[in-house]
Protein chains: 2
Amino acid sequence: MVVTRRDVARLAGTSEAVVSYVLNDGPRNVAPATRQRIVEAIKELGYRPNAVARSLKTSRTMTIGLVVPDNSNPFFAELARAIEDVGFASGYTMLLGNAMGDDVREAKYIRTLIDRQVDGLIVVPAHGPRGWITELSDTPVPRLVLDRELELPGATHVLVDNEGGSYQATTHLVQHGRQRIGCLAGLAGLHPTVDRVAGWRRALTQAGRDSADVPLMHVPFGRADGYRAGLRLLSGAQRPDALFVASDEQALGVLRAAAELGLRVPDDVAICAFDGIDGAAYTVPALTTMRQPVDQLGRSAVEWLLGKIANPELSTRRIIHETKLVARGSCGCPDPAGGDSTIGEHHNV
Amino acid sequence: MVVTRRDVARLAGTSEAVVSYVLNDGPRNVAPATRQRIVEAIKELGYRPNAVARSLKTSRTMTIGLVVPDNSNPFFAELARAIEDVGFASGYTMLLGNAMGDDVREAKYIRTLIDRQVDGLIVVPAHGPRGWITELSDTPVPRLVLDRELELPGATHVLVDNEGGSYQATTHLVQHGRQRIGCLAGLAGLHPTVDRVAGWRRALTQAGRDSADVPLMHVPFGRADGYRAGLRLLSGAQRPDALFVASDEQALGVLRAAAELGLRVPDDVAICAFDGIDGAAYTVPALTTMRQPVDQLGRSAVEWLLGKIANPELSTRRIIHETKLVARGSCGCPDPAGGDSTIGEHHNV
DNA sequence: GTTACGTCGGCAACCCCTTGCACATCGATG
DNA sequence: CATCGATGTGCAAGGGGTTGCCGACGTAAC
């Protein structure tokens, strides 16, 4: 049978309340002898407090909810790990849901997580109608939108400077002397897509080019879509000599497509991507990309959330992180080799 | 303020119990008129039942816990998604923890998840001492070990046939006429490592080779380690002309290392790997690999767990899935191009 | 008119823990 | 010797639900 506090109290010959006092270390002081007896009883019985009961009483679950579009996409997987890691350090556990690009499922998850009384909620919104916004707005759960802006007034956002990063990436291609710099973007309407396209366009304009002369495609952020789009973008007559690709995942697909078309990267087509997932350092050539500070994104998100939990008066914020150009071979920079400092330490035991 | 069942009952002019009956659809029948009033009150107040309170009462949390070594490793990320997906379909939510190769952290997570009264627990054990085994054994939570065997009598395992898969992969390299087939394995002592090395060895023996003549290295399952190991394995004088690599992640690193050393794959060195992550289809050349049926692994695991939850008498099992050779360019087979059927549909919106 | 039964609603116990408050004990103080 | 704090302990009220059981009521059968 399962051991409860009552059993501990009985064995220690005390009342249940005192057991709690010992467990929670105060606010009351317990005589050393009593404490000793209780500690021993706990050990002997192997007692572990029931977190559900505790949560019901304290109205804190020590849980944060995270809803991402798809955890099998490395970018979100890395983000989820970062969040889990920061949360864990503060004693929080993470409930993870994948929206799978399905608005209904996303809404269901958000509702479920709130029903489960998560102390905080982080959402990376999927592309879609987002009917849940209103639902969310009349619940008091501390919440935060990550990676993608939402037309949700009064919501805290943690974002990166998508426009600036894309501008920088595209400008880098310009500096490599590329003439026809196309763009493979994410789904239209999605916030990062809009901003990344804007950055690309601004760079072209500033370089005196017209973005209308050059191909622009919108597909989802995954590898498979990048691959298919790559085949199309790179096989036309007016082939671009460079591409700004809106996600590393897509870029992996484009690299593959280029290879199948017999095109050399970067000679025939240079590529700059966006995200900075770990895998980008391992392609051949390695992928030049605007690195998002994934760990910092996770950290900012969790820290703001914990702050808000501790102090509900904490004001809404918009936290924007900068991205950083990681120049590697795919854009025409020297491909780093032998002890590439961008090849990090991982714990994939 | 937060709405409780009491508010609903008051507004509907009935007792709290009846609200529950309506909410849970039986076992009692409620007069249509009463039901109607309650449903309306619920809607009007926006009432949502508190899942924590319900869990306390029913002793079911509708939550399963998953502990993996590292969610930023694509294999585990895909596994986590598969598990989440199957669980979600049955109304379960997933608490996810990363052990990060740290035995203490792994134990802490397992304890925490049990304290939180998860209905079931899935563990992909990290490499390490596993002090938590004893701890786990005297708790009644349905639990299951995934992907890695544990010397835990009476534990249910969901595994793949590592030995057979590795044998098949290595034999495939033999059939390509490779003479010196080295092995890049995972950390020594880890169960899949042992079996994969055994399969590799058996294939060599059967082909009349001596595995002692050929390099064998043990490193963690990640990209970075694969990269470093690849540099070493492929730069020696007695360079192998093929490698069986124990994980796709490592193989990505090896491909990169080969490129930096100026070696062509598969001409100079052929590669067969293991896991079958999505990313393996996108390298150049694409990676030949023994695909683990990730979705089925997740499905088996969750289904057994749910079965066990429903019926605690359900007996312990050992479920072994087969791996499947996915022949692509890295071993010398034709590199699939244009509409590679192994390039799947993903939802990375 | 009485009995028997079926239907619906409400009381109250319980799930396990936290914590405000009152109480008991004891040594020290006036 | 009575009073007063300081100190340690226990009672009991919740927190928000679920569900067994009993009672009230209405209808049908005798």
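Located above this text is the structure these notes cover.
In this text, all values refer to a predicted model and were calculated from it rather than measured experimentally.

Draft legend 1. A look at the overall build of chain A. When helices and strands are counted, chain A shows 12 helices and 12 strands. Taken along the three principal axes of its C-alpha coordinates, chain A extends 85 × 50 × 30 Å. Expressed as a percentage of the 349 residues in chain A, the buried residues total 54%. Of all intrachain contacts in chain A linking residues separated by at least 6 positions in sequence, the fraction that spans at least 24 positions is 71%.

Draft legend 2. Representation of the pairing of strand β5 (residues 156–160) of chain B. Residue and element names in this part refer to chain B. Among the five residues that make up β5, five are buried, leaving the element largely enclosed by the rest of the structure. Neither face of β5 is exposed, since T156, V158 and V160 on one face and H157 and L159 on the opposite face are all buried. Here strand β4 (residues 143–146) pairs with β5 via three bridges, running parallel. Within β5, the residue paired with L146 across the bridge is V158. Two elements, β5 and strand β11 (residues 318–321), share four bridges in a ladder whose sense is parallel. What sits directly across from L159, in β11, is I320.

Draft legend 3. Here's a closer look at unusual backbone geometry. The omega torsion of the bond from V265 of chain A to P266 of chain A falls at 10°, within 30 degrees of zero and hence cis. Note on placement: P266 of chain A falls in the loop between α11 (248–260) and β9 (270–275). With a phi angle near 55°, M62 of chain A is a residue other than glycine that sits in the positive phi range. Judged by local crowding, M62 of chain A falls into the partly exposed class, with 19 C-beta atoms found within 10 Å. The phi dihedral of S59 of chain B falls on the positive side, at around 50°, and the residue is not glycine. Tracing the chain through its elements places S59 of chain B in the loop between α4 (51–58) and β1 (63–68).

Draft legend 4. How the structure looks around the environment of G164 of chain A. Take G164 of chain A: it is sitting in helix α8 (residues 162–175). By C-beta crowding, G164 of chain A is classed as partly exposed, having 17 other C-beta atoms within 10 Å.

Draft legend 5. Up close: the nonpolar core. Membership of the largest hydrophobic core comes to 178 residues, with the highest contact counts inside it found for I271 of chain A together with I271 of chain B. Setting aside its immediate chain neighbours within four residues, I271 of chain A contacts L243, V245, A251, V254, V265, P266, L287, T288, S330 and C331 of chain A.

Draft legend 6. Inspection of the protein's contact with DNA strand C at higher detail. Around DNA strand C, 26 residues are found, and the nearest of them are R5, A17 and A53 of chain A together with S15 and T34 of chain B. Per element, the largest residue contribution to the surface near DNA strand C is six residues, and it comes from helix α2 (residues 16–24) of chain A. Counted by class, the surface near DNA strand C contains 12 nonpolar, nine polar and five charged residues.

Draft legend 7. Quick peek at the pairing of strand β6 (residues 181–185) of chain B. Residue and element names in this part refer to chain B. Counting buried residues in β6 gives five out of five residues, a clear majority hidden from the surface. Here β6 shows two buried faces, one formed by I181, C183 and A185 and the other by G182 and L184. In the sheet, β6 pairs with strand β8 (residues 242–245) via four bridges, with the strands oriented parallel. Within β8, the position partnered with G182 by the bridge is L243. Strand direction decides the pairing type here: β6 and strand β7 (residues 216–218), joined by three bridges, are parallel. When the bridges of β7 are listed, A185 appears paired with H218. Handedness of the crossover joining β6 and β7 through helix α9 (residues 191–206) is recorded here as right-handed.

Draft legend 8. Here's a closer look at the packing of helix α10 (residues 223–235) of chain B against helix α11 (residues 248–260) of chain B. Residues and elements named next belong to chain B. Between α10 and α11, whose axes approach to 7 Å, the crossing angle comes to 45°. Overall, the two elements α10 and α11 adopt an arrangement that is oblique. Where α10 crosses over α11, the two elements pack in a sense that is right-handed. Facing α10, whose interface residues are R223, A224, D225, G226, Y227, A229, G230, L231 and L234, α11 presents E249, Q250, A251, L252, G253, V254, R256, A257 and A258. Its residues assigned to classes, the contact of α10 with α11 comprises 10 nonpolar, four polar and four charged.

Draft legend 9. Molecular detail of the sheet that holds strand β10 (residues 288–291) of chain A. Residue and element names in this part refer to chain A. Read across the sheet, six strands follow the order β7-β6-β8-β9-β10-β12 without closing on themselves; strand pairing throughout is mixed. With one partner strand each, in any of the chains shown, β7 (216–218) and β12 (324–326) form the two edges of the open sheet. In this sheet, adjacent strand axes meet at a mean angle of 15° when their direction is disregarded. When β10 meets β12, the two strands line up antiparallel, connected through three bridges.

Draft legend 10. Broad picture of α8 of chain A. Its 14 residues place the ends of α8 of chain A 20 Å apart at the C-alpha level, agreeing with the 20 Å of an ideal helix rising 1.5 Å per residue. Within α8 of chain A, the full set of buried residues consists of N162, G165, S166, Y167, A169, T170, T171, H172 and L173 of chain A.

Parameters at a glance
- Every chain is numbered on its own, with residues counted from 1 as its sequence reads.
- The lettering of chains begins at A and the numbering of ligands begins at 1, in the order of writing.
- Per-residue local features are limited, in this predicted model, to residues with pLDDT of at least 70; the limit for side-chain atom pairs, both in listing and counting, is 80 or more; totals at the level of whole chains, interfaces and linings are taken over all residues.
- Note on conventions: DSSP H or I runs of at least 4 residues are helices, E runs of at least 2 residues are strands, and numbering of each starts at the N terminus.
- Exposure in this text rests on C-beta crowding, where 20 or more other C-beta atoms within 10 Å of a residue's own make it buried, 12 or fewer make it exposed, and counts in between make it partly exposed. The C-beta atoms are placed from the backbone.
- Residues are treated as contacting if the C-beta atoms built from their backbones sit within 7 Å of each other.
- Two strands pair if DSSP finds at least two bridges between them.
- A set of buried residues qualifies as a nonpolar core if it consists of Ala, Val, Leu, Ile, Met, Phe, Trp, Tyr and Cys joined through C-beta atoms within 7 Å.
- Nearness rests on one distance test: the residue's C-beta atom, set from the backbone, must lie within 6 Å of the molecule or strand.
- Residues are sorted three ways: Asp, Glu, Lys and Arg are charged, Ala, Val, Leu, Ile, Met, Phe, Trp, Tyr, Cys and Pro are nonpolar, and all the rest, Gly among them, are polar.
- Every crossover in which the path from the first strand over the helix to the second runs clockwise, viewed with the strands pointing away from the viewer, is termed right-handed.
- Whenever a helix is involved, its axis is fitted only over the stretch in contact; in every case the axis is a line through C-alpha atoms, and angles between N-to-C directions fall within 0 to 180 degrees.
- Angles below 35 degrees are treated as roughly parallel, those above 145 as roughly antiparallel, those between 65 and 115 as roughly perpendicular, and all remaining angles as oblique.
- By definition, any crossing whose near helix is turned counterclockwise from its far helix by less than a right angle is left-handed, and any crossing with a clockwise turn is right-handed.
- For a helix, the expected span equals 1.5 Å multiplied by the residue count minus one.

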